[in-house]
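Observations on the model geometry
If you want the building blocks of each chain, they are given just below.
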Amino acid sequence: MTADQQQGAIWALPDVSLVVRGGPELDPEEVSRKLAIQPTGTREPGPSRWGPPGDVDGEWRLQVDERSTRVFSEQLDTVLTAVEPHAGAVGELMADGLSVTLTIRGYVGNDAQLAFTPEQMRRVALLGVPLTLAPSTSER
């Protein structure tokens, strides 16, 4: 049985992203150069019209969401496969004081599960970045 075939409800519309955040020192173009990866989205440092008041961090994001696949394990594999060859550069970004996370978002109901295989957890651990789970309990 694969991770996506576990019993019980699963997260709806999962979204897996590698997110690099930083204050005025974040240069999204420099992050792209260091990682040798083109982002799916960036935000220059400064006030955010979409974020909470006071959010001035810049952001670089590599995101896989339901437009590519709705299967969580496929999204996770896509992001990890793109980033793993550049794990050294990811470590350099963190050493430079930038926040780097593997962020998973989705909608959840009662008893919702998000299953990882042991191999997926090994790959996430080897990448060396925090794993952030951001479930939403709002109606969709």
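Let us look at the structure shown here. (Residues numbered from 1 in each chain as written. Predicted model: local features only at pLDDT ≥ 70, side-chain atom pairs only at ≥ 80, totals over all residues. Heavy atoms only, no water.)

Thoughts on the overall build of the chain
Counting secondary structure elements, the chain contains 4 helices and 5 strands. Element order for the chain, N to C, with α for helix and β for strand: β-α-β-β-α-α-β-α-β. Against the 2.2 N^0.38 benchmark of 14 Å for 140 residues, the chain shows a C-alpha radius of gyration of 16 Å, consistent with a compact globule. With the C-alpha coordinates aligned to their principal axes, the bounding extent of the chain is approximately 45 × 35 × 25 Å. Looking at the chain as a whole, 38% of its 140 residues are labelled buried. Intrachain contacts of the chain at a sequence separation of at least 6 include 73% that bridge at least 24 residues. Counting only carbon and sulfur atoms, one obtains 51% of the accessible surface of the chain, whose full area is about 8000 Å². (Helix = DSSP H or I, 4+ residues; strand = E, 2+ residues; numbered from the N terminus. Rg over C-alpha atoms; globule rule 2.2 N^0.38 Å. Buried < 20%, exposed > 50% of the residue type's maximum accessible area, 1.4 Å probe, protein only. Contact = heavy atoms within 4.5 Å. Areas by Shrake-Rupley, 256 points an atom, 1.4 Å probe, with all protein chains shown as cover.)

Details of the sheet that holds strand β4 (residues 99–107)
The 5 strands are arranged β2-β3-β1-β4-β5 in an open sheet whose pairing can be described as mixed. A strand with exactly one partner marks an edge of an open sheet, and here the two such strands are β2 (41–43) and β5 (131–136). Across the sheet, the axes of successive neighbouring strands diverge by a mean angle of 25°, strand direction being ignored. Those strands touched by helix α2 (residues 72–83) are β1 (12–22), β3 (58–64) and β4, and its axis lies near 25° from that of β1. (Pairing = 2+ DSSP bridges. Axes fitted to C-alpha atoms, helices over the stretch in contact; angles between N-to-C directions.)

Brief notes about the packing of helix α1 (residues 28–35) against helix α3 (residues 87–95)
In the contact formed by α1 and α3, the axes pass within 9 Å of each other and the chain directions differ by 145°. Residue-level inspection shows Val-31, Lys-34 and Leu-35 of α1 in contact with α3, the latter providing Ala-89, Val-90 and Leu-93. Taken together, the residues that form the contact of α1 with α3 break down as 5 nonpolar, no polar and 1 charged. (Nonpolar A, V, L, I, M, F, W, Y, C, P; charged D, E, K, R; others polar.)

Notes on the environment of Gly-58
Tracing the backbone shows Gly-58 in strand β3. Separated by 40 residues in the primary sequence, Gly-58 and Leu-98 place their C-alpha atoms 10.0 Å from one another. Sequence-distant contacts of Gly-58, defined by excluding residues within four places in its chain, comprise Val-20, Arg-21, Gly-22, Gly-23, Leu-26, Arg-43, Glu-44 and Pro-45.

Digging into the packing of α2 against helix α4 (residues 118–127)
Relative to each other, α2 and α4 sit at 35°, their axes nearing to 11 Å. In terms of crossing hand, the pair formed by α2 and α4 is left-handed. Taking contact as the criterion, the partners of Ser-73, Leu-76, Asp-77, Leu-80, Thr-81 and Val-83 in α2 are, on α4, Gln-120, Arg-123, Val-124 and Leu-127. When the residues that make up the contact of α2 with α4 are grouped by side-chain class, the tally is 5 nonpolar, 3 polar and 2 charged. (Left-handed = near helix turned anticlockwise from the far one by under 90°.)

Let's talk about the nonpolar core
Counting residues in hydrophobic clusters, the biggest one holds 28 residues, and the most contacted among them are Leu-18, Val-20, Val-31, Leu-35, Trp-60, Val-83 and Leu-102. When residues of this core are traced back to their parent elements, those giving at least two are β1, α1, β3, α2, α3, β4 and α4. If you tally residues by element for this core, the top one is α2, at 5 residues. Setting aside residues no more than four positions away along its own chain, Val-20 makes contact with Leu-26, Val-31, Gly-58, Glu-59, Trp-60, Leu-93, Leu-98, Ser-99 and Val-100. (Core = buried A, V, L, I, M, F, W, Y, C linked by side-chain atoms within 4.5 Å.)

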